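# A closer look at the structure
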Amino acid sequence: MAENAASLGQFDFAGDDHVVPFQVEGLDVRGRAVQLGPLLDAILARHDYPMPVARLLAEAVVLTVLLGTSLKFEGKFTVQTKGDGPVDLLVADFSTPENVRAYARFNEEALAKAVAEGRTEPEQLLGKGVLAFTIDQGRFSQPYQGIVALDGASLEEIAGTYFRQSEQIPTRVRLGAAELFDRDENGKPRHRWRAGGLIAQFLPEAPERMRQPDLHGGDGDDGARRHLEDDAWAEARSLVETIDADELTDPLVGTERLLYRLFHERGVRVYEPKAVYDRCSCSRDKLKGVLQGFSAEEIEASEENGEIAVTCEFCSTTYRFEVSEIEAA
């Protein structure tokens, strides 16, 4: 064995902001797991979101990273919620092979009222609406979008509903986010955000084994013809469900160690981790191109003191353009 090789279960092998693909051959399961630290903290600190909003967006970022890193082509994967609650919009997107960005929109007055009344559960903050997954392979193909209602107690549960209704692969998703309070190297108090997650999918060689139990048909359904869940998947799903939310975010656990805790009896194999980065795709040239499509009336309405200022909702970078350079294009 190479001197620098790491054994399964070693602390902090992949480290933060690295997605770890894994396989449990004994259960015909493949998946990915991740812990996000500095990347997530930078995204949330940039906007100084209130705690309930930051926690929701953190989980959306984890979900986006877990699913986006599975793309085998050049493109973009987006997770977006739109609802009628105080947090009416969450957007996180992953541009292959490694770039992540995200932002949230919320009504300050409605959020403050919800917090004062103790209505801070995800379903109460998001309200009624939809969760959409969008895959965009570029201008030469049509984007694919899958949509599910915001009908669940958490993003984890809503995502599970999507996979149950829309995908043919049995899938279990776990998500978690936490605030970390500690001290920096100078002993000063420090606040950081962390988040983690795991997705496991059942991929046996025989496709018929992937059949999931039929949903209950309501009154009069005695369940006689409902399919039984495959034993291997039932075991894998049960193991994933034992994960405590703290384990997903604990910097002392580490992704490989968590996977070892879950699956060591069945034999879990981890693959080379994939780094992800907090990088926005905005640019001055892109925004200038957008402004050049404005009508004269729109340019006039956007102009102030002879210039137009555009701030990226994702990274908060402000670009300033002289009106003359837009009109001259």
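Everything below is about the structure printed above this text.
One structure accompanies this document, and this report is about it. Since this is a predicted model, take the numbers as computed values, not measurements. (Residues numbered from 1 in each chain as written. Predicted model: local features only at pLDDT ≥ 70, side-chain atom pairs only at ≥ 80, totals over all residues. Heavy atoms only, no water.)

## Here we look at the packing of helix α1 (residues 38-47) against helix α2 (residues 51-68)
When two helices pack together, their arrangement is given by the angle between the helix axes and the distance between those axes. Here α1 crosses α2 at 135°, and the two axes come no closer than 11 Å. Considering their axes alone, α1 and α2 lie oblique with respect to each other. When the axes of α1 and α2 are compared, the crossing they make is right-handed. Every residue of α2 that contacts α1 at L39, L40 and L44 is listed here: A54, L57, A58 and V61. Residue composition of the contact of α1 with α2, by class: 7 nonpolar, no polar and no charged. (Axes fitted to C-alpha atoms, helices over the stretch in contact; angles between N-to-C directions. Helix = DSSP H or I, 4+ residues; strand = E, 2+ residues; numbered from the N terminus. Parallel < 35°, antiparallel > 145°, perpendicular 65-115°, else oblique. Left-handed = near helix turned anticlockwise from the far one by under 90°. Contact = heavy atoms within 4.5 Å. Nonpolar A, V, L, I, M, F, W, Y, C, P; charged D, E, K, R; others polar.)

## A short note on the pattern of salt bridges
The tally for this structure, following the rule as stated, stands at 17 salt bridges. Where E25 meets R269, a salt bridge forms, and the shortest distance between an N and an O atom there is 3.0 Å. Of the two residues, E25 is situated in the loop between β1 (18-24) and β2 (29-36) and R269 in strand β10 (residues 268-270); the sequence distance between them amounts to 244 residues. E307 serves as the salt-bridge partner of R320, at 3.1 Å between the closest nitrogen and oxygen. Of this pair, R320 sits in strand β14 (residues 318-322) while E307 sits in strand β13 (residues 307-311), and the two are 13 residues apart along the sequence. (Salt bridge = Lys/Arg side-chain N within 4 Å of Asp/Glu carboxyl O.)

## Let's talk about unusual backbone geometry
For the bond from T96 to P97, the omega torsion is 5°, close enough to zero to count as cis. With respect to the helices and strands, the residue P97 is situated in the loop between β4 (89-95) and β5 (99-105). The backbone of D48 shows a phi angle near 50°, a positive value even though the residue is not glycine. Mapping D48 onto the fold places it in the loop between α1 and α2. For D48, a relative accessible area of 67% puts it in the exposed group. (Buried < 20%, exposed > 50% of the residue type's maximum accessible area, 1.4 Å probe, protein only.)

## Quick look at the packing of α2 against helix α5 (residues 155-166)
One way to put it is that α2 packs onto α5 with a least axis distance of 10 Å and a crossing angle of 35°. Of the residues in α5, those in contact with L56, E59, A60, L63 and L67 of α2 are L155, A159 and F163. Looking at the contact of α2 with α5, its residues break down into 7 nonpolar, no polar and 1 charged.

## Brief notes about the packing of aromatic side chains
Within this structure, the stated rule accounts for 8 aromatic pairs. Each ring, one from F22 and one from F263, has its centre 5.8 Å from the other, and the planes form 25°; the classification is stacked. Taken together, the positions of F22 in strand β1 and F263 in helix α8 (residues 255-263) put the pair 241 residues apart, joining distant regions of the chain. Look at F22 and you get buried, because its relative accessible area is 1%. The exposure class of F263 is buried, given its relative accessible area of 1%. Ring centres of Y49 and F106 lie 6.4 Å apart, and the angle between their planes is 65°; this geometry places the pair in the edge-to-face category. Linking Y49 in the loop between α1 and α2 with F106 in the loop between β5 and α3 (108-116), this pair joins segments that are 57 residues apart in sequence. Taken together, the aromatic side chains of F77, F133, Y162 and F163 make up a single cluster linked through ring pairs. Looking at R101, its charged tip hangs above the ring of F314, at a distance of 3.8 Å from the centre. Just above the ring of Y277 sits the side chain of R279; from NZ or CZ to the centre is 4.2 Å. (Phe/Tyr/Trp six-rings, centres within 6.5 Å; stacked < 30°, edge-to-face > 60°. Lys NZ or Arg CZ within 6 Å of the ring centre and 35° of its normal.)

Everything listed is a geometric property; what it means functionally is a separate question.
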